[in-house]
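Here's the letter readout for the chains.
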Amino acid sequence: MTLLEMKKKILRLIEEIGAGGKITDDPDIEAKLNDVINQIQFELARMKKIPVITTKTITESDLEFELNTLDDFYQLDRVIFIDLSGDEFPDVELFGNYIVFPEAGTAKIYYFKYPKRITDDTKDDEYKFELSDDALEILPYGVAADLLKSDVSNNYGEIYSKRYETMLQRLDPRYSMGSIYIDGGIDI
């Protein structure tokens, strides 16, 4: 889904979609839209995480690797270190935002990332969301709640906020179900 499609979805939800080619006729909403969408997508990315796997070559001169140098790094899942002879070591030394490798080799780093940031300069038709579809279906309600929270006359902000919170509680953070395979069966 593109940013433009999401904006239209949100504006239709709050009945603020514009006429005559304009996205909305409300300049206050238009000015806030990118910032609020970005804020809510970051909140959703902490709940329904965006997984990434990257491989880094580790040399003798860079045995300390800073996790914050990874693209949009949020949270580490695991690291598998493979030495130059091809042996795998699932345990490496972790210290804060640093991984300390015992020697040169290759590291497979499994981590979760933040989505690409939306700014005022972001192109509506070029930006594609990285969140899963289930998280994207919740995003309009969080944005609607924030956009309308100061509209106390109708309490729409509160209504959308309650709906957003309910949907957040139902959001499944998993991407797949775990499974176990036992070869040859078991005796009980």
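Fair warning: this is a prediction, and the values are worked out from it, not measured in the lab.

## Overview of the nonpolar core
Nonpolar side chains in soluble globular proteins tend to be buried together.
(1) Moving on: In terms of nonpolar packing, the biggest core is built from 32 residues, with I37, L44, F129, L139, V143 and L147 touching the most fellow members.
(2) Moving on: Those elements giving two or more residues to this core turn out to be α1 (3-13), α2 (27-47), α3 (133-147) and α4 (156-170).
(3) Moving on: For this core, the element with the highest residue contribution is α3, accounting for eight residues.
(4) Moving on: Not counting chain neighbours up to four residues away, the residues in contact with F129 comprise M1, T2, L3, M6, I37, Q41, I118, L136 and L139.
(5) Moving on: Ranked by size, the runner-up nonpolar core spans 13 residues in total, among them F65, V92, F101 and A107.

## Focus: the sheet that holds strand β6 (residues 98-100)
(1) Moving on: Overall, antiparallel pairing links the three strands, which are arranged β2-β6-β5 in an open sheet. Since the sheet does not close on itself, it has two edges, and those belong to β2 (64-66) and β5 (93-95), each with one partner. When the angles between neighbouring strand axes are averaged without regard to direction, this sheet yields 25°.

## What to know about the packing of aromatic side chains
(1) Moving on: Throughout the structure, instances matching the rule amount to seven aromatic pairs.
(2) Moving on: Here the aromatic rings of F42 and Y114 are separated by 5.0 Å at their centres, their planes lie at 15°, and the arrangement is stacked. Pair noted here: F42 is in helix α2 and Y114 is in the loop between β7 (105-113) and α3, with a separation of 72 residues, a long-range link.
(3) Moving on: With centroids separated by 5.4 Å and ring planes inclined at 35°, the aromatic side chains of F81 and F101 adopt a geometry described as tilted. Here F81, found in strand β3 (residues 73-83), pairs with F101, found in the loop between β6 and β7; they are 20 residues apart in sequence, far enough to count as distant. The exposure classification of F81 matches that of F101, with both residues buried.
(4) Moving on: One cation-aromatic arrangement involves K49 over F112; the distance from NZ or CZ to the ring centre is 5.2 Å.
(5) Moving on: Over the ring of Y110 we find R78, and its NZ or CZ is 4.2 Å from the ring centre.

## Concerning α2
(1) Moving on: Across its 21 residues, α2 extends 31 Å between first and last C-alpha, which sits within 8% of the 30 Å expected from 1.5 Å per residue.
(2) Moving on: The largest bend along α2 reaches roughly 45° and is located at L33.
(3) Moving on: All buried positions along α2 are accounted for by I29, L33, N34, V36, I37, N38, I40, Q41, F42, L44 and A45.
(4) Moving on: On the buried face of α2, the contacting elements are α1, β1 (50-58), α3 and α4.
(5) Moving on: By the N-cap criterion, in which a side-chain oxygen at the helix start approaches the backbone nitrogen of a residue two or three places on, α2 is capped by D26, the distance to D28 being 2.9 Å.

## Re the side chain of N38
(1) Moving on: As for its placement among the helices and strands, N38 is situated in helix α2.
(2) Moving on: Assessed through its relative accessible area of 8%, N38 is described here as buried.

## Observations regarding the layout of surface pockets
(1) Moving on: Of the volumes computed, that of the largest pocket is approximately 210 Å³.
(2) Moving on: What lines the largest pocket is a set of 15 residues, and nearest its centre among them are I14, E16, L148, D151 and Y156.
(3) Moving on: Looking at the lining of the largest pocket element by element, the count peaks at three residues for α2.
(4) Moving on: Tallied by class, residues from the lining of the largest pocket come to seven nonpolar, two polar and six charged.

Calculation notes
Residues numbered from 1 in each chain as written. Predicted model: local features only at pLDDT ≥ 70, side-chain atom pairs only at ≥ 80, totals over all residues. Heavy atoms only, no water. Core = buried A, V, L, I, M, F, W, Y, C linked by side-chain atoms within 4.5 Å. Buried < 20%, exposed > 50% of the residue type's maximum accessible area, 1.4 Å probe, protein only. Helix = DSSP H or I, 4+ residues; strand = E, 2+ residues; numbered from the N terminus. Contact = heavy atoms within 4.5 Å. Pairing = 2+ DSSP bridges. Axes fitted to C-alpha atoms, helices over the stretch in contact; angles between N-to-C directions. Phe/Tyr/Trp six-rings, centres within 6.5 Å; stacked < 30°, edge-to-face > 60°. Lys NZ or Arg CZ within 6 Å of the ring centre and 35° of its normal. Expected span 1.5 Å × (residues − 1). Bend = angle between axes of the 7 residues up to and from the residue. Polar contact = N/O pair within 3.5 Å; in protein donor to acceptor, adjacent residues only side chain to side chain. 1 Å grid on protein atoms, 1.4 Å probe; cavity = no way out; pocket = protein on both sides within 12 Å on 5 of 7 lines; lining within 4 Å. Points joined across faces, edges and corners; volume = space filled by probe spheres on them. Nonpolar A, V, L, I, M, F, W, Y, C, P; charged D, E, K, R; others polar.

All we've got here are geometric facts, nothing functional implied.
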